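Residues per chain are reported as follows:
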Amino acid sequence: MVQHGVGNVEIDEQIALGYLQVNTGNFQNGIILFTQLLKKKPDLIAAYLGRGTAFALAGDLDSAIHDFSQAITIDANCVDAWKRRGQAKAARGLESDAISDLTQASKLHRDHEVFHQRGLVYYRLKNYKRALKDFEEATKIDHSNKLTWNHLGLCFNAIGKPKEAIEAHMKAISLDKDFKEAWTNLAQAYKDWGKYDRAEQYFTKAIAIDKAYSHAYHLRSLARFGVGDHEGALTDLTEALKIEPQHIECRHLRAVVYHGLGMIRPAIEDYNKVILAKPDHFAWYQKECALYYHHHLDISRDTYNTDHDLEPNFKESWCKRNHPNTLTGYHAQPPIDPKIPDVQYSNTTTNPEMKALIEYSREIGKLLHLNCPGYLSNARQQRFCGLAAIELAQTLKAVFKGKNEVPKNSASSTKDAHKFGWRDMYDICVKWRQYSEPNDPVWWVDLLTPAQFAEGFGSHTPMVTGQTNVVRYYPEFKRAFGIMKSLIKDQCNIPTSMMKKVEEAKDCKELYDVMRRDFWVVTPCYSTATPEKVMEGTRLTLQYSAPEGYEYSIRTPGTPPRWVDYDLELNHFFDLLLQAGAQQNPDIEQVSDLILSITFYWYNFMPLSRGTAACGYVALLGMFLTFGIKITAPVPEGMMVDWEGILRPRPEDFIGALKSWMYPSRQKISQEEFDQLPFVNQVFPTLRTMITGLNVK
């Protein structure tokens, strides 16, 4: 029986012939046939549906929408007409109208394709929760549709539920073992969950199914990059670009990888290609930074400071990813100097001093990894951690002995020579962090433009963004949400009658419905240097985010008044640390508390545009090393040390949260063995040598 036939043999045969033409790709022939039929029978729904489908497949969406509308005019209960017009409107970019049509179709008939198509529209609009409901409904109607299960998995992963995403993708794969897209999405869900080995396994499976699948190479390269395997990422990106030379994301990431490895010339070449294809791409900033690195590869790092050398407006624009054309008064970096070679890449070293330091740093570096959802164990970042911690300890030990002069131009605090302070200690970590990952704009906030500093540029970390529960940070939501509700009464000037509703709110929507506006509260941070003073901690912020979502985040502004406050705290505790270092046998309990107090105020300060958390923990490990102590226990599963500081009001609260697992793991090191290590700043005196060390596996 011909679909939408009229029971007339001659007409139904013509309808069937038209369907055949459309289904076999002969769209123009189909259009001609259906047009002839409509001349004979102007109210023939099948002809409008058939011709509309042919128009849609041929790319003439407006004509398709017109024909489907005609079919609806003839029969307002024609499910296919509503469904196909909805699909055509979605393809035309008329998402709201498309949803309306598909909703009407769903009311007329509970059809798998209708829910699937509406789910696709919602997914495109990033309305993942509505999309999820539609895909779930579609799977109930047709349990054997692999595409629906795959999209269901994508929705789960998009809202921050990788475990559920994995189950959905596995179902899709059970329906088709060669479903490369589902294998790739399965791998990505594992990667987003922080399970690298599984991700690598399933990306590789997708590539085995289709060796020309550039998308899988790209995503696998991102996973490899995320664990610090730049060599493996480079292999994947090069392969992807052979398949798809115009793939901007692959080209950009390959430039970043080359940049990180010190291979500046191929990095510049790839950056240029990205910028040529997309002039507003932030690769322009990275290209400028790569050229800066190139000209400083062989200059002693004690003679310059990147934060001072690069212009404040350049750094600010990079942080904000502004269009390069908006940057005014900037002095571009000089081009490549043919006399300066790139870093010669090798993942091994024959330098015995470098080898000794890298080997000693390995166990220290591993402590940087957080055993939390969403975190990959990044070997390159761990190398930076270990080497920076050793350098910090060696430097502090020298400071304790009176060698406390910081040469001019080397520090971030001032260009003048000065005595070593807390900021110089953190500068050691910041420099390693900057050079270890050129994809991140890691800057001291007070060295951005004065206007931006005064305005309060700072750290921003979302727990919820839109409809996504951020895998890494959402575990802190419950605690942060409770703190926000407890602070609303005193900070938001709301009537007492509203407080009960505030207290009862269980999620962002319920609280926003009570407050009816975007708002933020400030967590308290109690001063030690100035007793009774309460400083501004972080800002817990709730904002509406279309469609039907919310932004719930911590925002820590780096304003001048905060800078004065936290500088006072860090100076206070750093002076106490210097006093302890001058003692013959300092009390290890007091020293440990001092180190954690410094770290507490550093985390609440958040003085960097990126990297505050990592630099804070590296400095903690380095300070303990200075006193002959190695922390041996990893951070407990599910704990993020910086959040323990940010969400607590006093240093003693922070100490209490950490000492139960950290203090028992303190282990005395062989002071003789440590003192016999080569000095990090002598083995890695230049950017070239630092990158060479980071490249060693």
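Because the structure is a prediction, the values reported are computed rather than measured.

**Q** Describe in detail the overall build of the protein, supporting the description with residues and values.
**A** Scanning the protein for helices and strands turns up 34 helices and nine strands. With the principal axes as the frame, the protein shows a C-alpha extent of 105 × 70 × 50 Å. Going through the 697 residues of the protein one by one, you find that 57% of them count as buried. In the protein, once contacts between residues fewer than 6 apart in sequence are set aside, the share between residues at least 24 apart is 65%. Summed over its atoms, the accessible surface of the protein is roughly 30,000 Å², and 50% of this surface lies on carbon and sulfur atoms.

**Q** Can you explain the packing of helix 9 (residues 146-158) against helix 11 (residues 180-193)? Please cite residues and give values.
**A** Look at helix 9 against helix 11: their axes get within 10 Å of each other, and the N-to-C directions meet at 15°. Considering the angle they form, helix 9 stands roughly parallel to helix 11. As helix 9 runs across helix 11, the sense of the crossing is left-handed. Residues Asn 150, Leu 154 and Asn 157 of helix 9 touch helix 11, and the partners they reach there are Glu 181, Ala 182, Asn 185, Gln 188, Ala 189 and Asp 192. Classifying every residue of the contact of helix 9 with helix 11 gives three nonpolar, four polar and two charged.

**Q** Hey, could you go over the packing of helix 1 (residues 9-23) against helix 3 (residues 45-57) for me, with residue numbers and the actual values?
**A** At a closest axis distance of 10 Å, the pairing of helix 1 and helix 3 adopts a crossing angle of 10°. Comparing the axis directions of helix 1 and helix 3 gives the class roughly parallel. Of helix 3, the residues touching helix 1 (which contributes Ile 15, Tyr 19 and Val 22) are Ala 46, Gly 50, Thr 53, Ala 54 and Leu 57. The residue inventory of the contact of helix 1 with helix 3, partitioned by class, reads six nonpolar, two polar and no charged.

**Q** Explain the nonpolar core to me, using residue names and the numbers behind them.
**A** Ile 488 and Tyr 552 are the most contacted members of the largest nonpolar core, which totals 234 residues. Among the elements that line this core, the one with the most residues is helix 21 (residues 379-400), at eleven residues. Sequence-distant contacts of Ile 488, that is, excluding residues within four places in its chain, are made with Asn 493, Ile 494, Met 499, Val 502, Leu 511, Met 515, Phe 519 and Val 521.

**Q** Explain unusual backbone geometry residue by residue, including any values.
**A** For the peptide bond that leads from Ala 546 to Pro 547, omega is 0°, which places it in the cis range. Here Pro 547 is to be found in the loop between strand 6 (534-545) and strand 7 (549-557). Its identity is not glycine, yet Arg 321 carries a phi of approximately 55°, on the positive side. Within the fold, Arg 321 resides in the loop between helix 19 (312-320) and helix 20 (352-366).

**Q** Requested: an account of the pattern of salt bridges, with residues and values cited.
**A** Per the stated rule, a full pass over the model turns up 44 salt bridges. Across the pair Glu 95 and Arg 124 runs a salt bridge whose closest N-O atoms are separated by 3.3 Å. With Glu 95 in helix 6 (residues 95-108) and Arg 124 in helix 7 (residues 112-124), the pair connects residues that are 29 residues apart, well separated along the chain. Connected through salt bridges with shared partners, the residues Asp 80, Lys 83, Arg 84 and Asp 111 form a single ionic network.

**Q** Break down the side chain of Lys 397 for me, with residues and values.
**A** With respect to the helices and strands, Lys 397 occurs in helix 21. By relative accessible area, Lys 397 is classed as buried at 17%. Aside from chain neighbours lying at most four places away, what touches Lys 397 is Thr 626, Gln 671, Phe 674 and Asp 675.

**Q** Explain the sheet that holds strand 4 (residues 468-469) residue by residue, including any values.
**A** Read across the sheet, five strands follow the order 4-3-7-6-5 without closing on themselves; strand pairing throughout is antiparallel. With one partner strand each, in any of the chains shown, strand 4 and strand 5 (519-526) form the two edges of the open sheet. With eight bridges connecting them, strand 3 (residues 458-466) and strand 7 associate as antiparallel partners. Its bridge partner being in strand 7, Ser 459 is matched across the sheet by Thr 556. Contacting strand 5, strand 6 and strand 7, helix 28 (residues 588-605) crosses the sheet at an angle of about 160° to strand 5.

**Q** Quick rundown of the packing of aromatic side chains? Include the residues and the values.
**A** Given two aromatic rings, one states the distance between the centres and the angle between the planes to describe the pair. Evaluation of the coordinates by the stated rule reveals 39 aromatic pairs. Both rings, one in Trp 284 and one in Phe 314, keep their centres 6.2 Å apart while their planes meet at 55°; by these two values the pair is tilted. Here Trp 284 is found in helix 17 (residues 283-296), whereas its partner Phe 314 is found in helix 19, with 30 residues between them in sequence. Since its relative accessible area comes to 18%, Trp 284 is described here as buried. Look at Phe 314 and you get buried, because its relative accessible area is 0%. When the ring of Tyr 512 is compared with that of Tyr 544, the centres are 6.1 Å apart and the planes differ by 45°; the resulting orientation is tilted. Separated by 32 residues along the polypeptide, Tyr 512 in helix 26 (residues 508-515) and Tyr 544 in strand 6 bring together distant segments of the chain. Relative accessible area serves as the criterion here: at 15%, Tyr 512 is assigned to the buried category. On the accessibility criterion, Tyr 544 (40% relative accessible area) is partly exposed.

About the thresholds
Residues numbered from 1 in each chain as written. Predicted model: local features only at pLDDT ≥ 70, side-chain atom pairs only at ≥ 80, totals over all residues. Heavy atoms only, no water. Helix = DSSP H or I, 4+ residues; strand = E, 2+ residues; numbered from the N terminus. Buried < 20%, exposed > 50% of the residue type's maximum accessible area, 1.4 Å probe, protein only. Contact = heavy atoms within 4.5 Å. Areas by Shrake-Rupley, 256 points an atom, 1.4 Å probe, with all protein chains shown as cover. Axes fitted to C-alpha atoms, helices over the stretch in contact; angles between N-to-C directions. Parallel < 35°, antiparallel > 145°, perpendicular 65-115°, else oblique. Left-handed = near helix turned anticlockwise from the far one by under 90°. Nonpolar A, V, L, I, M, F, W, Y, C, P; charged D, E, K, R; others polar. Core = buried A, V, L, I, M, F, W, Y, C linked by side-chain atoms within 4.5 Å. Salt bridge = Lys/Arg side-chain N within 4 Å of Asp/Glu carboxyl O. Pairing = 2+ DSSP bridges. Phe/Tyr/Trp six-rings, centres within 6.5 Å; stacked < 30°, edge-to-face > 60°.

Scope: geometric values only; no functional claims are made or implied.
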